[in-house]
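# Structural features, examined
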Amino acid sequence: MTDEIKDGPYEEYYDNGQLMVKQTYKDGVDDGPYEFYHENGQLELKGNVRDGESDGLWEEYSDNGQLRSKGTYKDGGFDGPFEVYHDNGQLLCKGTYKNGEYDGPCKGYYSNGWLRDKGTYKDGKRDGPYELYYENGWLREMGRYRNDKKCGKWFEYDLRSRESKTVTYDPC
C-alpha cells in the first residue's frame, strides 16, 4: 500500500454532486486558495492558506449567500481588522485583532444599524473609554474600563439620554 501525498489542486464533492471543497496542496500541506461550499452550492468559506495556516483575508457566508463575517489571519490566528454581520446584512461589530485577541477600537451595532457600543480593547480586554447606546440611538451609559473592569465614574442615562444615575468604581 502506498501513501499518496497530495500536491496541486484538490476538489471534493457532496453526495448530491455539489462541490464541497476546493483547495491547493503543496507537498501534502494546504497552501493556496481555499473555498468551502454549503451543500446547496453557495460559497460558505473563502480564504488563503500558507504552509497549512490560514493567512490573509477570510470571508464566511450563510447558505443564502449573505456575508456573515470577514477577518484577517496571520500564521493561523486572527490578526488585523474583522467585521461580523447580522442575518439581515447589517454590520454587527467591527474591530481589530492582534495576535488572536481584540486590540484597538471596537464598535457594535444593532440589527437596525444604530450604534450599540464603542470602546477600546488592549490584549483582549476592554481598556479605555466606553459608551453603550439604546436601540433608538440614545446614550445609555458611559465610563472607562481598565483591564476589563469598570473604573472611575460611570454615568447612566434614561431613554432620552438624560443623566439618571452616577456610579463610582475604583479609580482608573
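Residues numbered from 1 in each chain as written. Predicted model: local features only at pLDDT ≥ 70, side-chain atom pairs only at ≥ 80, totals over all residues. Heavy atoms only, no water.

## Concerning the state of the cysteines
Definition in use: Disulfide assignment relies on a single distance test, namely cysteine sulfur atoms paired within 2.5 Å. Going along the chain from the N terminus, every DSSP run of H or I of four or more residues is numbered as a helix, and every run of E of two or more is numbered as a strand.
Scanning the model with the defined rule gives one disulfide in all. There is a disulfide in this structure between C151 and C172, and the S-S distance comes to 2.0 Å. The S-S bond linking C151 to C172 shows a torsion near 95°; that makes this disulfide right-handed. In this pair, C151 sits in strand 15 (residues 149-157) while C172 sits in the segment after strand 16 (163-168), placing the two residues 21 residues apart along the sequence.

## Brief notes about the side chain of D55
Put simply, the test is: Any pair of nitrogen or oxygen atoms within 3.5 Å is treated as a polar contact; in protein, a donor-acceptor pairing is required on top of that, and neighbouring residues in sequence qualify only through side-chain atoms on both sides. Throughout, a residue-residue contact means that at least one pair of heavy atoms, one from each residue, lies within 4.5 Å.
Mapped onto the elements, D55 comes out in the loop between strand 5 (53-54) and strand 6 (56-61). Within the structure, the side chain of D55 is placed 3.4 Å from the side chain of R50, a separation counted as a polar contact. Discounting residues that sit within four places of it in the chain, D55 has contacts with N48, V49, R50, Y73, K74 and D75.

## Quick notes on the pairing of strand 1 (residues 8-13)
Short version of the rule: If DSSP finds at least two bridges between two strands, the strands pair.
Where strand 1 and strand 2 (residues 19-26) come together, six bridges link them in antiparallel fashion. From the neighbouring strand, P9 faces strand 2, where its bridge partner is T24.

## Quick word on the pattern of salt bridges
Cut-off, in case you're wondering: In what follows, salt bridge is the name for a side-chain nitrogen of Lys or Arg lying within 4 Å of a carboxyl oxygen of Asp or Glu. Partly exposed residues are those whose accessible area sits between 20% and 50% of the maximum for their type, while under 20% is buried and over 50% is exposed, using a 1.4 Å probe and protein chains only.
Taken as a whole and judged by the stated rule, the model has eight salt bridges. Of the charged contacts in the structure, one is a salt bridge between K70 and E83, with a shortest N-O distance of 3.9 Å. Note that K70 is positioned in strand 7 (residues 67-74) and E83 in strand 8 (residues 77-85), a separation of 13 residues in sequence. You can call K70 partly exposed: its relative accessible area is 29%. Among the salt bridges present, the one from K118 reaches E131, with a minimum N-O distance of 3.8 Å. Here the residue K118 occupies a position in strand 12 (residues 115-122), and E131 occupies one in strand 13 (residues 125-133), the gap between them amounting to 13 residues. Here K118 falls in the partly exposed class, since its relative accessible area comes to 31%.

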